[in-house]
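Descriptive structure summary
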Amino acid sequence: MDIADCREFFPSVTTPLPGGRLPIYLDGPGGSQVPASVVTAMTGYYLSSNANTHGAFWTSRLTDRTITEARLAAADFLGASSPETISFGQNMTTLNFLLSEAIAGTLKPGDEIVVTELDHEANVAPWLRLQDRGIRVRQIPLRDDGRLDSDAWAHTLSSRTKLVALGWASNALGTVNPVAEIRQWTRQVGAWLLIDAVHWAPHGPIDVGALEPDFLLCSSYKFFGPHVGILYSAPGRLEALPTLRVRTQNPHPPYRIETGTLNHAALAGVTGAINFIAACGQAGETRRDRLQDAMKRIYAYEHRLVADLYQELLNIPGIRVYGPPVDDNPRTPTLSFTVDGCHSAEVASLLAAEDIYVWDGDFYALGVLTHYGLQDQGGLVRIGLAPYNTAEEITRTVEVLAQIASARGSKRP
Ligand SMILES: Cc1ncc(COP(=O)(O)O)c(C=O)c1O
């Protein structure tokens, strides 16, 4: 399927609101819309496979298969060599807290963890709390251009660094970090690298086989699936960690960090979402090949749209865009801005009145907001594009934003 044609598979995107207008979903970084096939997969689980795991009977066996299929699908999506490297949880944040607790059990006072000012709280708070146990948490600062200060790595990393917790892409600014380069630097000091790929996963290909992170996390509701957190652990990593577990829990990966019963229907949805993405790929024999092709196509499609949006926003007097420019460098299709003289919550409300859905605020990227001093402004307004968005939607959004900015401009002294 052509990326431009994928829209028709999303009922929420193509069904008019009671007033007759189609909603414009620009809220993707907060969670994408879901294709009908994912809903069918989830309801199908409840209709024909609903049971707990490892029973002697048919539906229990189907449930075991549902879970195995989800691990295989996620392994294909991430480029992992085996399904045993894939663990599931409630969401990325919860998995990361469980992981931080387990990793803390291997650290001693004076050891260091490096986080960044660009990251989402889900990849900062789990590490900051370890300061109570004598672990030093250091931070790579953000520059005004929306990128991390690359010079800071050299004097922050040392033999004391045990872990670097890094976002692949910023959900607030669309910045894409040079993860492969940072992997080399962490290797030089013998530190583990944990990647928060939640915001990158919907927008570009991931290959853990090539990148070789120690851990990588993402969340299926950002890429057309239900609310499930996914953790990739490099072979050998999870076994070594004292995870929180009940005595009856399987102590081996991938189960070692999976506390309690998983959301089986949602896992059927994870497989559905990954199969949907694979169907957007046109080249390749295997699902992994098609997924990689699909993610490249999604990236190219979204990049064209966001490049137009970026130019249009720059041309509207009173709008200030934050984060790196949209050029040939890697970037996600996420643009954040402020409108002079208008609180960001009000901009979002004025857009919502036109059935244009965007987020405003801090998006849990507290470091970004503090860096730019945007608290009084109500943070940023964020437009996040997805493959189901169209050029017409961008045109309409720009039109409304120009009206909002010009109405505010005429009120300014
Ligand atoms: C970059 C990033 N990391 C982590 C998270 C947290 O993910 P979850 O909602 O699955 O806990 C989010 C959620 O918005 C995010 O955008």
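Note that the coordinates shown come from a computational prediction; the quantities given were computed from them, not determined experimentally.

Re the overall build of the protein chain
- Secondary structure summary: the protein chain contains 13 helices and 13 strands in total.
- Judged by the C-alpha coordinates and their principal axes, the protein chain covers about 70 × 55 × 35 Å.
- Within the protein chain, buried positions represent 55% of all 413 residues.
- At a minimum sequence separation of 6, the contacts of the protein chain that also span at least 24 residues come to 67%.
- Split by element, the accessible area of the protein chain, about 17,000 Å² in all, is 52% carbon and sulfur.
- A gap of 6 Å separates the mean positions of the 34 positive and 44 negative side-chain charges of the protein chain.

Thoughts on the packing of helix α3 (residues 58-78) against helix α9 (residues 264-279)
- It is at 8 Å that the axes of α3 and α9 come closest, and there the two elements cross at 40°. Judged by the sense of rotation from one axis to the other, the crossing of α3 with α9 is left-handed. The segment α3 lies against α9, with Thr-63, Thr-66, Ile-67, Glu-69, Ala-70, Ala-73, Ala-74 and Phe-77 engaging His-264, Leu-267, Ala-268, Thr-271, Ile-274 and Ile-277.

So, the domain arrangement of the protein chain
- What the domain assignment lists for the protein chain is domain 1 (3-34 + 287-411) and domain 2 (39-279).
- Here domain 1 meets domain 2 over a buried area of about 3,600 Å², counting both sides, of which 60% is carbon and sulfur.
- On the domain 1 side of the interface with domain 2, the three residues burying the most area are Arg-287, Arg-288 and Met-295, jointly 19% of the side's total.
- Put simply, domain 1 and domain 2 have 2 salt bridges between them.
- Of the charged contacts in the structure, one is a salt bridge between Arg-287 and Asp-76, with a shortest N-O distance of 2.9 Å.

Looking at the confidence of the model for the protein chain
- Summing up the model confidence of the protein chain, the mean pLDDT is 97 and the portion of residues at 70 or higher is 99%.
- For the protein chain, helix α13 (residues 391-411) is the element with the lowest average pLDDT, namely 93, and strand β8 (residues 229-233) is the one with the highest, namely 99.

Considerations on the nonpolar core
- If you look at the biggest cluster of nonpolar residues, it comprises 103 residues, and the most contacted ones within it are Leu-78, Trp-168 and Leu-401.
- It is helix α10 (residues 287-314) that contributes the most residues to this core, 11 residues altogether.
- Each of two domains, domain 1 (3-34 + 287-411) and domain 2 (39-279), supplies a minimum of three residues to this core.
- With near-sequence residues (within four places) excluded, Leu-401 lies in contact with Leu-313, Ile-316, Ile-319, Phe-337, Val-347, Leu-351 and Ile-383.
- Counting residues in hydrophobic clusters, the runner-up holds 26 residues, among them Ala-104, Leu-107, Val-124 and Val-198.

Conventions we followed
- Per chain, residue numbering runs from 1 following the sequence as it is written.
- Given that the model is predicted, a residue must reach a pLDDT of at least 70 before its local features are reported, and side-chain atom pairs must reach 80 or more before they are shown or counted; all residues, however, enter totals for whole chains, interfaces and linings.
- Values reported for side chains reflect all heavy atoms of the structure, with hydrogen atoms and water molecules removed beforehand.
- Starting at the N terminus, helices and strands are each numbered in turn, a helix being any DSSP run of H or I of at least four residues and a strand any DSSP run of E of at least two.
- Residue burial is assigned from relative accessible area. The probe radius is 1.4 Å, only protein chains are included, and a residue is buried under 20% of its type maximum, exposed over 50%, and partly exposed in between.
- We call two residues in contact when some of their heavy atoms are within 4.5 Å.
- Areas reported as accessible are Shrake-Rupley estimates using a 1.4 Å probe. Residue values count occlusion only from the protein chains shown.
- Asp and Glu count as negative and Lys and Arg as positive, but His and the ends of the chain are not part of the count.
- To locate a charge, take NZ of a lysine, CZ of an arginine, CG of an aspartate or CD of a glutamate.
- Helix axes use the C-alpha atoms of the stretch in contact, all axes being lines fitted to C-alpha atoms, and the angles between their N-to-C directions lie in the range 0 to 180 degrees.
- For any helix crossing, the convention is left-handed if the near helix is rotated counterclockwise from the far helix by under a right angle, and right-handed if that rotation is clockwise.
- Boundaries between domains were set according to an automatic or database domain assignment.
- When two components associate, each loses some accessible surface as probed by a 1.4 Å sphere; the sum of these losses over both components is called the buried area.
- By convention in these notes, a salt bridge is any Lys or Arg side-chain nitrogen within 4 Å of a carboxyl oxygen on Asp or Glu.
- Per-residue confidence from the predictor is reported as pLDDT, which spans 0 to 100.
- Within this scheme, the nonpolar core is defined by two criteria: the residues are buried Ala, Val, Leu, Ile, Met, Phe, Trp, Tyr or Cys, and they are joined through side-chain atoms within 4.5 Å.

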